Amino acid sequence: MSQQDSGAGILVCINLRDEVIAALRGTDYERLPLITFPSHTSLSPADWKGEYLRSLREAGVSPLIFVSCGCSHPIPADRDVAHLRSPEVFLTDAEFGRLSGSGVYMVTSGFLTDLSPGMIHLKDAGISRLVHLRTRYDPDADAGAEMIAAEIGADLETYPVDLSIFSLRLRMELLSADLRAERENNVIGCQNLESKVADYTMAFDLLSDIVNATTMDEISLRIENLLLILFSPSVTEYRYTPFPDGTDGIILPIRHGNDILAWFRMDEFSTPEYIERYRNTVEFLLPVFGLAMMNARIYQQLHAANEEKDGVILRLREMQEALALANKKINLLTAITRHDILNDVTVVVAHLDLAGDLPLSDEVKATFQKLDEQMVSIQRKLEFTKDYQDMGLQAPAWHMIRSLVASVSAPILKTGSLSLLNDLPDVGIFTDPMLPKIIHNLTQNALFHARGATYLRWSAYEAGADLIISIEDDGPGVPDNRKKSIFKPSFGRSHGFGLYLVQEILAITGITIKEDGRYGEGARFLICVPEGRWRRSLPGTEETDRI
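Residues numbered from 1 in each chain as written. Predicted model: local features only at pLDDT ≥ 70, side-chain atom pairs only at ≥ 80, totals over all residues. Heavy atoms only, no water.

Visitor: Would you mind showing me how to read the sheet that holds strand 15 (residues 466-473) here?
Guide: The pairing of strands in a sheet happens through backbone hydrogen bonds and is either parallel or antiparallel. A sheet is described by the order of its strands in space; here five strands give the open sequence 12-14-15-17-16, paired in mixed fashion. Looking along the sheet, the strands with just one partner apiece sit at the ends: strand 12 (419-422) and strand 16 (512-515). The average undirected angle you get between the axes of adjacent strands in this sheet is 20 degrees. Where strand 15 and strand 17 (residues 524-529) come together, six bridges link them in antiparallel fashion. Residue pairing in the sheet places Leu 467 in a bridge with Val 529 of strand 17. Those strands touched by helix 13 (residues 435-449) are strand 14 (455-463), strand 15, strand 16 and strand 17, and its axis lies near 130 degrees from that of strand 14. (Pairing = 2+ DSSP bridges. Helix = DSSP H or I, 4+ residues; strand = E, 2+ residues; numbered from the N terminus. Axes fitted to C-alpha atoms, helices over the stretch in contact; angles between N-to-C directions. Contact = heavy atoms within 4.5 Å.)

Visitor: Could you clarify how one ought to interpret the environment of Val 161 in this entry?
Guide: Relative to the assigned elements, Val 161 resides in the loop between strand 7 (155-160) and helix 6 (164-185). With relative accessibility at 12%, the residue Val 161 sits in the buried group. Along the backbone, Val 161 and Arg 134 are 27 residues apart, and their C-alpha atoms lie at a distance of 5.7 Å. What Val 161 contacts, discounting residues up to four positions off in sequence, is Phe 90, Leu 91, Leu 133, Arg 134 and Thr 135. (Buried < 20%, exposed > 50% of the residue type's maximum accessible area, 1.4 Å probe, protein only.)

Visitor: What is the right way to read a nonpolar patch on the surface from this model?
Guide: Where nonpolar side chains cluster on the molecular surface, the patch consists of Leu 358, Leu 360 and Val 364 and spans about 210 Å² of accessible area. Position of Leu 360 among the secondary structure elements: in the loop between helix 10 (312-356) and helix 11 (362-390). In this structure Leu 360 comes out as partly exposed when scored by relative accessible area, which is 31%. (Patch = residues over 30% accessible without salt bridge, like charges linked within 9 Å, V, L, I, M, F, W, Y side chains within 5 Å. Areas by Shrake-Rupley, 256 points an atom, 1.4 Å probe, with all protein chains shown as cover. Salt bridge = Lys/Arg side-chain N within 4 Å of Asp/Glu carboxyl O.)

Visitor: Sorry if this is basic, but what is going on with helix 5 (residues 139-152) here?
Guide: Residues lying three or four places apart along an α-helix face the same way, a consequence of the helix completing one turn every 3.6 residues. For helix 5, built from 14 residues, the straight-helix expectation of 20 Å at 1.5 Å per residue is met to within 8% by its first-to-last C-alpha distance of 20 Å. What helix 5 keeps buried is the set Ala 141, Asp 142, Gly 144, Ala 145, Ile 148, Ala 149 and Ile 152. Buried positions in helix 5, seen along its axis, are confined to an arc of 160 degrees and lie on one side of it. For helix 5, the exposed residues set more than 90 degrees away from the buried face come down to Asp 140, Glu 146 and Ala 150. Looking at the packing, one finds that the buried side of helix 5 touches strand 6 (129-134) and strand 7. Capping of helix 5 at its N-terminal end is provided by Asp 138; its side-chain oxygen lies 2.9 Å from the backbone amide nitrogen of Asp 140. In the stretch just after helix 5, Gly 153 is the one whose phi turns positive, near 70 degrees. (Expected span 1.5 Å × (residues − 1). Arc of directions from axis to C-beta. Polar contact = N/O pair within 3.5 Å; in protein donor to acceptor, adjacent residues only side chain to side chain.)

Visitor: Help me understand the environment of Pro 425, please; the structure alone is not making it clear to me.
Guide: Tracing the chain through its elements places Pro 425 in the loop between strand 12 and strand 13 (428-431). With 22 residues separating them along the chain, Pro 425 and Ser 403 place their C-alpha atoms 9.7 Å apart.

Visitor: Mind showing me how you'd approach the nonpolar core here?
Guide: Nonpolar side chains tend to gather and get buried jointly when the protein is soluble and globular. Ranked by internal contacts, the top residues of the largest apolar core, which has 38 residues, are Ile 401, Leu 442, Trp 458, Ile 469 and Ile 527. Those elements that place two or more of their residues in this core are helix 12 (401-413), helix 13, strand 14, strand 15, helix 14 (498-507) and strand 17. Among all residues touching Ile 527, those that are not within four sequence positions of it are Leu 442, Leu 467, Ile 468, Ile 469, Ile 471, Leu 506, Ile 511, Thr 512 and Ile 513. If you look at the next biggest cluster of nonpolar residues, it comprises 28 residues, including Ile 210, Phe 231, Phe 264 and Leu 285. (Core = buried A, V, L, I, M, F, W, Y, C linked by side-chain atoms within 4.5 Å.)

Visitor: Is there a simple way to explain the side chain of Ser 220 in this structure?
Guide: The residue Ser 220 is located in helix 8 (residues 216-231) in this model. When residues no more than four places from it in sequence are discounted, the contact partners of Ser 220 are Tyr 238 and Phe 264.

In short, geometric facts, not functional conclusions.
This is the structure:
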């Protein structure tokens, strides 16, 4: 669905018009109809909004994105209208929570460039701190902020704002509007959405890995790996200078603001008929690539300065905060997209169920059944992204694995035919706090795959200075040619994430896992905990003794 087909438009307060234009510049929505209304209109009775919306609908503008300044009251509830309010729409939740508070008044740059005598009413509003969100550099706005702060006797704080968060939220609303229109116009178009959802799901799994890299070379390698997974090009090329005119393939300029940091090229795709879909998908990811590269550049600059300047500690902290902000933006983007896509998938499943009850041919009903199964598979994949997003967010800690196996594995096995043999000693291992998820996934793996097995046994033994934790059953086991592939992410299968997630969580603290059973006699997973990562008792009890 293109912006011309959707009939969508944006109604924006004149104070935020330049911010909306900047946020959409270079996107598919750059030429979307933009209607402005006078600032402070909502200080009078809000009935005008209903009239305004009705007149826009009569003009064929629907759905509508409503962007208002901080003084605007919420609009009446309407499924075709999304209301984005300043200042929350420009900040992450953490930023907004830190900047807001009692006696705080936040304004954007556009709010401060055309001050009227009506602003004097702020003097009696009990404002102790004026926060200027510098959404664009404008000397008039800076001067206006200083004038208001002096007039009302408040402290002034200027906070530069990167418009990338606002751009993503605005484009997400527009994309959601397009998806709704597509679904209403053509239910069978859900097949196209399925492919798009799958692309985004895999991309979000790997975006955090890109953002956490600290050098340009690491980031370029991880971006290349992501492009290979998503699009399978035979040719990928990376350089810091532009490609010559006439170069074949998809050329990706990685930008941050107005700066181009690098260029990627992809060509010779295995499925060239999908090249335009590939281009649209990667355009959505480019701002994140640019943000990660800029953070890496900042990190490298600070690292070099560490050997020359005594002030490196302060600058390193700024770099770390920039990386933390990038990670928060990735998590926010992931959470918003996963939530919206899950909602859309739920609606699609409901429509498919309804269609299945219609008096259709068996062939058509079978097609709807296959679509329903695929949508359920997509839901499982999206739910997996929540576990992957949470991985590594909290610091590793010591955990007593025997008690965790008893509390996590035993309840799961009560519902099946497997009995639990917990022969683990009272030993602690140093892992990510998601250790219960590891135990849960290994137990579920045995329950699902160990057909005919009678027990699941957990035990441990020493191998030199390392601790080996064994999880074994008496089921059919794993064929030799699949012992390594079971730990790879199988995005096209119903149960393709559990062991991959187990391996990734353990790797955070240097712990490894492999399958070492004999095919036909049962599966045996061996978790190797290196020296220093395990102990007989938890810190603060008694001196550590090895088994």
